[in-house]
Amino acid sequence: MQSSMLTRRHLLGGMGLASLGLMSSPALADDTVDLHVPGGPSTRIITTSYPQKGRMILQRSSPPWLETPFEVFDKGVFTPNDQHYVSWHWATFPGDIDVDSFRLAVRGQVNQTLSLSLKEILQDLPRFEITAVNQCAGASRIYVEPRVAGAQWANGSMSNAVWTGVRLKDVLDRAGVKPGAIQVRFGGLDEPVMQDAPKFLKSLSIDHARDGEVMIAFAMNGEQLPLLNGFPLRLVVPGWCGVYWIKMLNDIEVLDQPDTNYWTATGYRVPDTPHNNVKPGATGFKMVPVTRNAPRSFITNIRNGDSVPVGAPASARGIAFGGDCGVARVDFSIDAGTSWEPALLGADQGKYGFRQWQMQFTLPARGPRTLMVRCTNTNNEAQPDFKIWNPAGYMYNTVESTHVVAV
Ligand SMILES: Nc1nc2c(c(=O)[nH]1)N[C@H]1C(S)=C(S)[C@@H](COP(=O)(O)O)O[C@H]1N2
Ligand SMILES: [Mo]
């Protein structure tokens, strides 16, 4: 990617936030999708009205929550940039970025405060590239029972991309981290919409920040980041959930005290129990921050309600990811999890990315059938077969079931 690509003309075509709001009016929708979830309304609008975004499921118009339509995952292992999902906490963020005056600050417990231009980041630091899944901690929250508050994401608040940029470690080394540093805090250009509401910030431990994999991306899938996915720079924390992947990143602060801001110290917490699972209504468990992704897998070519011919070979295919490590195996069941057969894995795109799989199977008799798919990661952690529940509906990775009819 040339730094000459980073011109305003190329970027946003003059699309401002005012037009964002206007064009996302649900009244302009011409299409809907039924997410087929019991226990509440599950019809959503399909929108094509957001800048640099194609067909997306509209979960909320502003700040936008745009979900990737599930059929996208059947088309390829990389999610196209214009259908990469979108999530923001606060509605106030720039609709246009002046790439000449933009600066990334590196400050706090460093020997030298930095104010890096995009040109410096593109030209003066070694390039780094990694494939990784960006998944919201609240992904699939719509499936927890009983339903809980928060974005009612189905399975499309995850997306896979090749990220290009620079290592966070190299940027921190350039500033020179002082010995007392314990954490690094990240902030972007978005601002709260109410007085005294907490700005969206997240922190990582200094060791994690310097692990050589956490990176500052300026491109995904070989193109600049879409504005809504964090143009011009975003943090990429491979294997960890999307909440840490700060968009429109313009501030890096090295701390010698634990970060006490709301989003790090209080928000985004799960029960410290196996699979973060508790009984609805239970109390008295310890809460810990969400961190790494957990293994998941999906059938992408067969949907609930489909018919499958009986007695003839059929094929299933889909995607899996290991979470914070690779995919060891994907198993497939045609009898609701009573027996499992290993699926054939596709090419390994790197341990943090989606991995495709496929399976030939034959349904022996007519009638309803439940197909299931289960990922086991290279840490030997498998998706659980029980329904995960926790108060905020985070880190759901229950084995998926697809109900079909053999005909
Ligand atoms: N600056 C900023 N970065 C942010 C957020 C935000 O609200 N502001 N939301 C985070 C959350 S919770 C998620 S899930 C991801 C979503 O990334 P995406 O919109 O590119 O899919 O961005 C993360 N980075
Ligand atoms: Mo999120």
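A quick note: this is a predicted structure, and the numbers were derived from the prediction, not measured.

1. Brief notes about the pattern of salt bridges
Between side chains of opposite charge, a pair can form when the charged atoms approach closely.
Stage number 1. What the rule picks out here adds up to 17 salt bridges.
Stage number 2. A salt bridge links Glu381 to Arg292; the shortest N-O distance between them is 2.9 Å. Taken together, the residues span a long stretch of sequence, with Glu381 in the loop between strand E25 (367–377) and strand E26 (400–406) and Arg292 in the loop between strand E17 (287–289) and strand E18 (296–299) at a distance of 89 residues.
Stage number 3. A salt bridge links Asp348 to Arg355; the shortest N-O distance between them is 4.0 Å.
Stage number 4. Look at the salt bridges and you will find they share partners, linking Arg107, Arg185, Asp251, Glu253 and Asp259 into a network.

2. Considerations on the side chain of Gln383
Stage number 1. You can see Gln383 is positioned in the loop between E25 and E26.
Stage number 2. Engagement of the side chain of Gln383 in a polar contact is seen with the backbone nitrogen of Cys375, the distance being 2.8 Å.
Stage number 3. When neighbours within four sequence positions are excluded, Gln383 is seen to be in contact with Pro295, Arg296, Ser297, Val373, Arg374, Cys375, Asn397, Thr398 and Val399.

3. Focus: the sheet that holds strand E2 (residues 43–47)
Stage number 1. Sheet architecture is open: five strands sit in the order E1-E2-E3-E4-E5, paired in antiparallel fashion. The open sheet has two edge strands, strand E1 (31–34) and strand E5 (86–87), and neither has a second partner.
Stage number 2. Where E2 and strand E3 (residues 56–60) come together, three bridges link them in antiparallel fashion. Looking at the pairing, Ile46 lines up with Ile57 of E3.

4. As for empty space enclosed by the protein
Stage number 1. One pass over the full model with this rule turns up three cavities of 30 Å³ or more.
Stage number 2. Size it by volume and the largest cavity reaches roughly 250 Å³.
Stage number 3. Taken together, 19 residues form the lining of the largest cavity, with Ser87, His89, Gly242, Val243 and Lys247 sitting closest to its centre.
Stage number 4. Across the lining of the largest cavity, the residue classes tally to 10 nonpolar, six polar and three charged.
Stage number 5. Residue-level mapping places the lining of the largest cavity at the junction of two domains, with at least three residues from each of domain 1 (4–87) and domain 2 (103–289).
Stage number 6. The space that makes up the second largest cavity amounts to roughly 40 Å³.

5. Considering the pairing of E2
Stage number 1. Here E1 runs beside E2; their pairing, made up of four bridges, is antiparallel. Its bridge partner being in E2, Thr32 is matched across the sheet by Ile45.

6. A word on the pairing of E3
Stage number 1. In terms of burial, E3 is largely enclosed, as four of its five residues are buried.
Stage number 2. Between E3 and strand E4 (residues 65–67), which pair antiparallel one after the other, the connecting turn spans four residues.

7. What to know about the state of the cysteines
Stage number 1. A full pass over the atoms with the stated rule returns zero disulfides.
Stage number 2. Not engaged in a disulfide, the cysteine Cys375 finds its nearest cysteine sulfur in Cys325; these two sulfurs lie 8.2 Å apart.

8. Observations concerning the site of ligand 1
Stage number 1. Neighbouring residues of ligand 1: 19 residues in total, closest Tyr85, His89, Asp190, Arg234 and Lys247.
Stage number 2. For ligand 1, a nitrogen atom lies 2.6 Å from a polar atom in the side chain of Asp190.
Stage number 3. Isolated, ligand 1 exposes 530 Å² of accessible area, and the fraction of that covered by the protein chains is 100%.
Stage number 4. In terms of domain composition, the shell around ligand 1 takes at least three residues from each of domain 1 (4–87) and domain 2 (103–289).

9. Comments concerning the packing of aromatic side chains
Stage number 1. Summed over the entire model, instances satisfying the criterion amount to 17 aromatic pairs.
Stage number 2. Considering the side-chain rings of Phe73 and Phe354, the 5.9 Å spacing of their centres and the 85° angle between planes classify their relative orientation as edge-to-face. Of this pair, Phe73 sits in helix H3 (residues 72–75) while Phe354 sits in the loop between strand E23 (344–345) and strand E24 (355–362); the two residues are 281 residues apart in sequence, bridging distant segments of the chain.
Stage number 3. Assessed through its relative accessible area of 2%, Phe73 is described here as buried.
Stage number 4. Taking the centre distance of 5.9 Å and the plane angle of 45° together, the rings of Phe332 and Trp357 count as tilted. On the criterion of sequence distance, the pair formed by Phe332 in strand E21 (residues 327–333) and Trp357 in strand E24 is long-range, its members being 25 residues apart. By the burial criterion, Phe332 is buried, and Trp357 matches it.
Stage number 5. A network of ring pairs unites the aromatic residues Trp90, Phe200, Tyr262, Trp263, Tyr268 and Tyr394 as a single cluster.
Stage number 6. The ring of Trp65 is capped by Arg60, whose NZ or CZ atom sits 3.5 Å from the centre of that ring.
Stage number 7. One residue, Arg374, lies across the ring of Trp340, its end atom 4.2 Å from the ring centre.

10. Side note on the sheet that holds strand E20 (residues 313–321)
Stage number 1. Taking strand neighbours across the sheet as the criterion, the four strands line up as E18-E20-E24-E23 in an open arrangement whose pairing is antiparallel. Across the chains shown, the open sheet's two edge strands, defined by having one partner strand only, are E18 and E23.
Stage number 2. Two elements, E20 and E24, share eight bridges in a ladder whose sense is antiparallel. In the strand pairing of E24, Gly318 is matched with Trp357.

11. A short note on the layout of surface pockets
Stage number 1. Estimates place the volume of the largest pocket at around 860 Å³.
Stage number 2. Lining the largest pocket are 36 residues; nearest its centre among them are Tyr143, Asn155, Asn304, Glu400 and Ser401.
Stage number 3. When contributions to the lining of the largest pocket are tallied by element, the ones reaching two or more residues are E1, E18 and E26.
Stage number 4. Approximately 280 Å³ is the volume attributed to the second largest pocket.
Stage number 5. What lines the second largest pocket is a set of 17 residues, and nearest its centre among them are Trp65, His89, Arg141, Tyr268 and Tyr394.
Stage number 6. Residues belonging to the lining of the second largest pocket are distributed by class as follows: 11 nonpolar, four polar and two charged.
Stage number 7. Each of domain 1 (4–87) and domain 2 (103–289) contributes no fewer than three residues to the lining of the second largest pocket.

What counts and how
Every residue gets a number counted from 1 within its own chain, in the order that chain's sequence is written. Here every chain gets a letter starting at A, and every ligand a number starting at 1, in the order they are written. Residue-level local features of this predicted model are given only where pLDDT is at least 70; pairs of side-chain atoms are given and counted only at 80 or more, and the full residue set underlies all totals for whole chains, interfaces and linings. Based on all heavy atoms of the structure, the side-chain values leave hydrogens and waters out of the count. Here, a salt bridge means any Lys or Arg side-chain nitrogen found within 4 Å of an Asp or Glu carboxyl oxygen. What counts as a helix is a DSSP run of H or I of at least four residues, what counts as a strand is a run of E of at least two, and both are numbered from the N terminus. Pairs of N or O atoms within 3.5 Å make up the polar contacts considered here, provided that, within protein, one atom can donate a hydrogen while the other can accept it, and that residues adjacent in sequence are counted only when both atoms are side-chain atoms. Here a residue-residue contact requires only that any non-hydrogen atoms of the pair lie within 4.5 Å. Note: two strands are recorded as paired if DSSP finds a minimum of 2 bridges between them. Method remark: on a 1 Å grid restricted to protein atoms, a set of points is classed as a cavity if a 1.4 Å probe fits but cannot get out and as a pocket if it is open with protein on both sides within 12 Å along at least five of seven lines; lining residues have an atom within 4 Å of a point. Grid points are joined across faces, edges and corners, and a volume is the space filled by probe spheres set on the points. Residue classes follow a fixed rule: Ala, Val, Leu, Ile, Met, Phe, Trp, Tyr, Cys and Pro count as nonpolar, while Asp, Glu, Lys and Arg count as charged, and any other residue, Gly among them, counts as polar. Delimitation of the domains relies on an automatic or database domain assignment. Only protein chains enter the accessibility calculation, which uses a 1.4 Å probe. A residue is then buried if its area is under 20% of the maximum for its type, exposed if over 50%, and partly exposed in between. Pairs of cysteine sulfur atoms within 2.5 Å are what we label disulfides. For this purpose, a residue is taken to be near a molecule or strand whenever a single non-hydrogen atom of the residue falls within 4 Å of it. Residue exposure ignores everything except the shown protein chains as possible cover, and the areas themselves are Shrake-Rupley values with a 1.4 Å probe. Aromatic rings from Phe, Tyr and Trp, taking only the six-membered ring of Trp, are treated as a pair when their centres fall within 6.5 Å; an angle between ring planes under 30 degrees marks them as stacked, one over 60 as edge-to-face, and anything in between as tilted. Put simply, a charge is over a ring when the Lys NZ or the Arg CZ is close to the ring centre, within 6 Å, and near the line of the ring normal, within 35 degrees.

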